[in-house]
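Coordinates in review
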Amino acid sequence: MVNKDGWIVLIYFLLFLFLSWKVPFVVGALVLGFYFSIVLSVPYDLVVKRTGKKWIAIIVYVFVIFLFSYSIISFVPTTVEQIQNIFENTKNLRTGSHFPSWLVSLLNELKSNVTSIMLSILNKILSVLPSLISMVMLLVVTLVGIESIKEHFKDNLQFFFIDQPSYGERFSYEFFKGVRTYIRGQVLVSLISAVLVTIGLFFLNIHSAIALGVLMFLGGFFPFVGQVVSAVPMYLLAISTGGLRKVVLLTIILIIVNQLESWFYGPKIQGNNLKLHWFVILISIFIFTSLIGFAGVLIALPILIFLRTYWKYYLKGDVKE
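Residues numbered from 1 in each chain as written. Predicted model: local features only at pLDDT ≥ 70, side-chain atom pairs only at ≥ 80, totals over all residues. Heavy atoms only, no water.

This part covers a nonpolar patch on the surface. A grouping of Leu188, Leu191, Val195, Leu196, Ile199, Leu244, Val248, Ile252, Ile256, Leu260 and Phe264 is seen on the molecular surface, where their side chains present a nonpolar patch of about 930 Å² in accessible area. Contributing elements (two or more residues each) for the nonpolar patch: α6 (165–203) and α8 (225–270). When residues of the nonpolar patch are assigned to their parent elements, the largest contribution, 6 residues, is made by α8. Assignment of secondary structure puts isoleucine 252 in helix α8. (Patch = residues over 30% accessible without salt bridge, like charges linked within 9 Å, V, L, I, M, F, W, Y side chains within 5 Å. Areas by Shrake-Rupley, 256 points an atom, 1.4 Å probe, with all protein chains shown as cover. Salt bridge = Lys/Arg side-chain N within 4 Å of Asp/Glu carboxyl O. Helix = DSSP H or I, 4+ residues; strand = E, 2+ residues; numbered from the N terminus.)

Dropping the structure here:
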């Protein structure tokens, strides 16, 4: 039986969904800022843990934000343009007659669909790049604002619940911990996979290996879809420069990296934190993206973690009060 707090939490959740639907850009910006705050807080937490001095950690945090902002301003425009050039070039590549006709037809269709979608996205990104400095400043302000909100929220968390405030606090802590742990872990997992694939692309002498590695890193946050989108230009460039031999070698590299991620460093880093099947994650991303737009990509995972935690605390009652 759901108590008053359970209904209140459900109202909070429905309000969040309503705002995501009505003002997706605002909610998306806040969620994205929250994600960045999670990633950028890693050095802060490490310094506090090692030294116990918050003022040193604050200096480190400000320095990391500065490096992060500088990297975005100097690196993002070049990388986006490189990725755009990759997709524009692969759109005109021919797969060759040394493949079966059915495979050539499949590759051409996949190439056309994926490149068209990616080019439309990249063109939109390129259109806002001139205001990149303003966007970075807004992101930094959002990060600072979210940090202050987090502290205020943490200090006043008990006021959001009626029946068992301490129980509600435990629910909230577990939910945010789940999101934080997954985001931090996925950044590291995607980074390792992207580095390994980039090394493999250099070994195969495939052009724009670094840009393809960045695309691979970003694709790591979107199960299956991200891997397919990032693999398409790799295969097309491999076909155009080395034919079947490079395709086979690239396939071997991607399989090895996938298996290492699935069985070695992925489980060690993520553990059993998410406990959700990849297909459930994939379907949720599709559903919320179709309903809300790009913001749906950002909120799909937190919603799944929320529903899992809500079921555990307020429906199934596995946690003692």
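As a further point, take the nonpolar core. One broad trend across soluble globular proteins is that nonpolar side chains are buried collectively. If you look at the biggest cluster of nonpolar residues, it comprises 33 residues, and the most contacted ones within it are Val9, Tyr35, Phe171, Val179, Ile183, Phe306 and Tyr314. Secondary-structure elements contributing two or more residues to this core are α1 (4–22), α2 (24–51), α6, α9 (278–292) and α10 (294–315). Looking at this core element by element, the count peaks at 13 residues for α10. When sequence neighbours within four positions are dropped, the list of residues in contact with tyrosine 35 reads Val179, Ile183, Leu298 and Pro302. One finds Leu204, Leu212, Ala231 and Leu237 within the second-largest nonpolar core, a separate group that totals 20 residues. (Core = buried A, V, L, I, M, F, W, Y, C linked by side-chain atoms within 4.5 Å. Buried < 20%, exposed > 50% of the residue type's maximum accessible area, 1.4 Å probe, protein only. Contact = heavy atoms within 4.5 Å.)

We now examine the packing of aromatic side chains. If you walk through the whole model with that rule in mind, you get 15 aromatic pairs. Taking 5.7 Å as the distance between ring centres and 75° as the angle between the ring planes, the aromatic pair formed by phenylalanine 171 and tyrosine 313 counts as edge-to-face. Here phenylalanine 171 is found in helix α6, whereas its partner tyrosine 313 is found in helix α10, with 142 residues between them in sequence. Pair check on accessibility: phenylalanine 171 and tyrosine 313 agree, each one buried. Ring-pair connections join several aromatic residues into one group, and the members of that group are Phe13, Phe34, Tyr35, Tyr167, Phe171, Phe175, Phe176, Phe306, Tyr310, Tyr313 and Tyr314. Looking at lysine 22, its charged tip hangs above the ring of tryptophan 21, at a distance of 4.3 Å from the centre. (Phe/Tyr/Trp six-rings, centres within 6.5 Å; stacked < 30°, edge-to-face > 60°. Lys NZ or Arg CZ within 6 Å of the ring centre and 35° of its normal.)

A word on the packing of α6 against α10. Two elements in contact, α6 and α10, have axes whose closest approach is 10 Å; the angle formed by their N-to-C orientations is 145°. α10 is crossed by α6, and the crossing has right-handed handedness. For the pair formed by α6 and α10, the contact residues are Tyr167, Gly168, Arg170, Phe171, Glu174, Phe175, Gly178, Val179, Tyr182 and Ile183 on the first element and Leu301, Pro302, Ile305, Phe306, Thr309, Tyr310, Lys312, Tyr313 and Tyr314 on the second. Broken down by class, the residue content of the contact of α6 with α10 amounts to 13 nonpolar, 3 polar and 3 charged. (Axes fitted to C-alpha atoms, helices over the stretch in contact; angles between N-to-C directions. Left-handed = near helix turned anticlockwise from the far one by under 90°. Nonpolar A, V, L, I, M, F, W, Y, C, P; charged D, E, K, R; others polar.)

Turning next to the packing of α2 against α10. Two numbers describe how α2 lies on α10: the axes approach to 9 Å, and their chain directions differ by 55°. With respect to each other, α2 and α10 are oriented oblique. In this structure, α2 crosses over α10, and the sense of that crossing is left-handed. Of the residues in α10, those touching α2 at Pro24, Val27, Gly28, Val31, Leu32 and Tyr35 are Ala295, Leu298, Ile299 and Pro302. Split by residue class, the contact of α2 with α10 holds 9 nonpolar, 1 polar and no charged. (Parallel < 35°, antiparallel > 145°, perpendicular 65-115°, else oblique.)

Taken as a whole, the protein shows an average pLDDT of 77; of its residues, 72% reach a score of 70 or greater. Ranking the elements of the protein by mean pLDDT puts helix α4 (residues 101–128) last with 63 and α1 first with 91. (pLDDT = per-residue confidence, 0-100.)

Here we take up the environment of tyrosine 310. Positionally, tyrosine 310 belongs in helix α10. Assessed through its relative accessible area of 7%, tyrosine 310 is described here as buried. Residues tyrosine 310 and phenylalanine 171 lie 139 residues apart in sequence; the distance between their C-alpha atoms is 7.6 Å.

One pass over the full model with this rule turns up 2 salt bridges. The salt bridge involving aspartate 45 is made with arginine 184; its shortest N-O contact spans 2.5 Å. One end of the pair, aspartate 45, is in helix α2; the other, arginine 184, is in helix α6, and 139 residues separate them in sequence. Here lysine 312 ties to glutamate 174 by a salt bridge, and the two come within 2.9 Å at their closest N and O atoms. Here lysine 312 is found in helix α10, whereas its partner glutamate 174 is found in helix α6, with 138 residues between them in sequence. Exposure remark for lysine 312: the relative accessible area of 31% places this residue in the partly exposed category.

Across the 11 residues that make up helix α7 (residues 209–219), a large majority, 8, are buried. Of all the positions in α7, only Ala209, Ala211, Leu212, Gly213, Val214, Leu215, Met216 and Gly219 are classed as buried.

So, on to the environment of leucine 307. Turning to its location among the elements, leucine 307 is positioned in helix α10. With a relative accessible area of 42%, leucine 307 lands in the partly exposed category. Sequence separation between leucine 307 and phenylalanine 175 is 132 residues; the distance between their C-alpha atoms is 9.2 Å.

Now for unusual backbone geometry. At asparagine 205, a position not held by glycine, the phi torsion is positive, near 60°. Following the sequence through the fold, asparagine 205 ends up in the loop between α6 and α7. Overall, asparagine 205 belongs to the exposed group, its relative accessible area being 56%.

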